[in-house]
Structures are given as structure tokens and as C-alpha cells.
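One-letter residues, chain by chain:
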Amino acid sequence: MHRGLEQSLPHSLLDDPQLGKQVALNLKRNRAQDATEAMEAAVAAYRFEDCQHSAWNPEQYALLWGTALWHESSPSQRRLLNQLYWVAYYSQIMSAEIATIFLNQVSAAGLYAVEDFRPICDSLDLETRQERAHIHAFKTIGEDVEHRLFGRRIFTYPMRHPMTETMVFADTNGLRTWWKGIQLRAFTAMAGNPFLGSQYLLIRGLRTLNGKIVQHKLSQYYEHHPDQANAPIPAAISWYHFSDESFHFHTSRLVGVEVPRVLPKPTAFERWVVNQGVAGCQRDHYHFSSAVNGIFWYDPALYRPIYQVLRSPTFGLDHGGAMQMLHRSFCEDSEGVQAAAQTHSEAVASYRLFVDSISWLSASNREMRHMAGNNTQRYLRTNRQAYARFKGQAAALERTHNLLQTARA
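These remarks concern the structure in this document. (Residues numbered from 1 in each chain as written. Predicted model: local features only at pLDDT ≥ 70, side-chain atom pairs only at ≥ 80, totals over all residues. Heavy atoms only, no water.)

Structural notes on the packing of helix α1 (residues 17–32) against helix α6 (residues 118–149)
Viewed as axis vectors pointing N to C, α1 and α6 meet at an angle of 25°, and their least axial separation amounts to 9 Å. The orientation of α1 relative to α6 falls into the category roughly parallel. Viewed along their axes, α1 and α6 form a crossing whose handedness is left-handed. Residue-level inspection shows Val 23, Leu 27, Asn 30 and Arg 31 of α1 in contact with α6, the latter providing Pro 119, Ile 120, Asp 122, Ser 123, Leu 126, Glu 127 and Gln 130. Class assignment for the residues of the contact of α1 with α6 results in five nonpolar, three polar and three charged. (Axes fitted to C-alpha atoms, helices over the stretch in contact; angles between N-to-C directions. Helix = DSSP H or I, 4+ residues; strand = E, 2+ residues; numbered from the N terminus. Parallel < 35°, antiparallel > 145°, perpendicular 65-115°, else oblique. Left-handed = near helix turned anticlockwise from the far one by under 90°. Contact = heavy atoms within 4.5 Å. Nonpolar A, V, L, I, M, F, W, Y, C, P; charged D, E, K, R; others polar.)

Given below as C-alpha cells:
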């Protein structure tokens, strides 16, 4: 920006030299530590046979860890639950990253209209390329595991449109999904506005903050592995992913929290739009999951896929046994339920800290009141009510299972 010439906006990233240096340093370090090539090489070398007999995460990060299913599983079944946690967890991360690829570009288009914002846009471009590599890795391994073990999708899905419901297993229905798609499209149309473009990064930071905490723990399995050269490749991918995402989160904080001070003050409408976005994040993250601790899925939506896992040859439960295990794992208090609730409480506290200085957010959003309203009692009550409804649907699942068995025979 040349101060001696007329500009469309009087603001520039150069107005805050310290912020400009932070943005430039974050981009420089992300480029230097870019894990894309290492991740691509790891995926190319992946063979399920090489890592099927190893855990891929720390022990506590296993499907339904600390519930009745975990406690009554054999060592080999626990290892499978550990691997399925990886598949399920990164299926959700992949869904978020599909949306991120699109929204990064929308926000960059709005921010590039402001003088001297190129370093921020370059950061978003680099992150977009990295997200494509992440998605390829998660999709390749997750689908391979499910095809080998189940011959069907359990947690994975065909490639999604960025306007699809981001939460893979959500408390939703057709009408809610349609309305959310309308909201996403409306926000996308407005994100060319520089302030709203910056606030997409605020919301992105919120949505990934808990993931950053969990992914750090997942990455430690590889980081502290005694023989990294022979560590399971999915664990290495967790480490590479966390390396990239650490810079992505820093970008979210810089752009979402710091950049607005060099932009015009938000209008009443802009403040309303941002508050709607944060409120939507609270609604999405209201639930917590004892099936996949660290992902805020609606556990009743998981009854069907978990039932399918329990009926698979690995667990070999009959219909009655699978239904009983579902009830005991989801509808009874356990170490796993308490751990998931604790993760949710930690997320609420970290979200509050992240937005504490954001003056244009409402008190309800700064305090995360809606998200904080959930607890173990409500969780268990919701799961029990949903289980009573699921029992009627399960009869159809039993018929489908029997037909598949007959066809295979």
C-alpha cells in the first residue's frame, strides 16, 4: 500500500507492525515444517498387514474406551477398538477439512481486497494444500480398514460437498440439515466482506480448539514411540497432521482475534452474523461422545454403526447380545462416560478463554452458556430415551444382517 495514493480502504496490515511480523513468522514456519511430503510418502507406504497388530493411538483413545464393551473385550478386540477410534476420529476431521478448503478460499477472497493482506491469504493457500493431503490420508486408510473388516462403510462416507452437515453423526433431521445448508450458503455469500472473512477464522479456531488438544495427545503416541521407523503408519500420520494443524490454529487466532483491530469496526449486522456463527458452534458441540472421546457427536446416531461393529465377526455378538452391549455402553454411567464429559468441560473452558476478549460477541456466546448446559445426567437420559426408540429400528437391522449372512453363505 502506498500512502501517497488513494486507496479503497484506509486500513492495512502494515498499520500494526507487530501483527504483521506475527503473520509473516507463522507463514514462514508453516512452510519450513510443512508435513505434506512426509504424509504423502507415509500413505503410499501404508499396508494394513504391517500395522494391524499394533495400537495406533494412546490406550485411552479407543472406541468406547472405559465402557462395558472396552472392559469385556479381549486384547485383540481392544486393539481393534483403538484402530477404529482412529478411523472414526479422522472421518470427522476430514469432514471439517472439506469445508475448510472451500471457506479458506472464500475468506481469502474477502481479505485480499484489503491492502497488504497477501501474507494472510498466502497462509490460507498453503493450509488448503495441506488439507487436501490430510483428507487423502484419512480417506485412504479409513476406507481400507472398513472394507477389510466389515465390507461396508461404518464411519467413513463418500466424498462430501462443503455445504454438507459438518458433524458426521449429529442430532439432526432432514429439515434441520436443509436449514443449516441455507445458513452455510448465506454465510459463504457474505464472507467476501473482510470483517466476516476474518470471523470465519474465529469460528474455525473455536471449532478446532478442542481438536488441537486431542490431536496433541494422539500425536504423542508416535512422538514417543521407541522405534519410530517401524511405528504404525496411521500413528505417524497423526503426528504429521498435528504438526500442520498447530500452525493452522495459530492462523485462526491471529486472523480471527487480532486482525479485526486493523479493520473498520463491525456494523450491527456483522456482529449479528458472527454471533449466529458462534451460537451454531455451540449447538454443534453441545453433545459429547463416549464412543469417540474428543469428537462431539450425538451418540444415539452411533447406535446403528456400533451395532454393526458388534455383529461383525470380530465381536460376533448375536442380536440380543449386541443390543444389551449397546445399552450397557451408552446408557449406563462408566469411566468412559466420565472421561468424555471431562473432555467436554475442558473444551468449554478453553472456548471461553479463546473468545474472552471479543467485544462484539454476546455474553451468552462468550460464556458458552448453551454448550455448558450439557452434563452426564442429561447425556444418559438422552441416550436411554433414544435407545428405547432404537429398539424398534433394530429389528430391521437384524433382518438385514441375516440376509447378508445368507447371501455370503
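So, the packing of α6 against helix α9 (residues 233–258)
At a closest axis distance of 10 Å, the pairing of α6 and α9 adopts a crossing angle of 150°. In terms of orientation, α6 lies roughly antiparallel with respect to α9. Where α6 crosses over α9, the handedness of that crossing is left-handed. Judged by residue contacts, Ile 120, Ser 123, Leu 124, Glu 127, Gln 130, Glu 131, His 134, Ala 137, Phe 138 and Ile 141 of α6 engage Pro 234, Ile 237, His 241, Asp 244, Glu 245, Phe 247, His 248, Thr 251 and Val 255 from α9. For the contact of α6 with α9, the residue count by class is nine nonpolar, six polar and four charged.

Considerations on helix α5 (residues 75–111)
The end-to-end C-alpha separation of α5 is 52 Å, in line with the 54 Å expected for 37 residues at 1.5 Å each. Where α5 bends most, the angle comes to about 25°, and this point is Thr 100. Of all 37 residues making up α5, 29 are buried, and the element is well covered by its neighbours. (Expected span 1.5 Å × (residues − 1). Bend = angle between axes of the 7 residues up to and from the residue. Buried < 20%, exposed > 50% of the residue type's maximum accessible area, 1.4 Å probe, protein only.)

Some remarks on the packing of aromatic side chains
Taken as a whole and assessed by the stated rule, the structure comprises 20 aromatic pairs. A centroid spacing of 6.0 Å and a plane angle of 75° characterise the contact between Trp 86 and Phe 138, whose relative ring orientation is edge-to-face. Here the residue Trp 86 occupies a position in helix α5, and Phe 138 occupies one in helix α6, the gap between them amounting to 52 residues. Residue classification places Trp 86 among the buried residues on the basis of a relative accessible area of 1%. (Phe/Tyr/Trp six-rings, centres within 6.5 Å; stacked < 30°, edge-to-face > 60°.)

Considerations on empty space enclosed by the protein
One pass over the full model with this rule turns up five cavities of 30 Å³ or more. Each pocket or cavity is described by its volume, and for the largest cavity that value is around 70 Å³. Taken together, Tyr 286, His 287, Phe 288, Tyr 298, Asp 299, Pro 300, Asn 374, Arg 378, Tyr 379, Thr 382 and Asn 383 form the lining of the largest cavity. Split into classes, the residues belonging to the lining of the largest cavity amount to five nonpolar, four polar and two charged. (1 Å grid on protein atoms, 1.4 Å probe; cavity = no way out; pocket = protein on both sides within 12 Å on 5 of 7 lines; lining within 4 Å. Points joined across faces, edges and corners; volume = space filled by probe spheres on them.)

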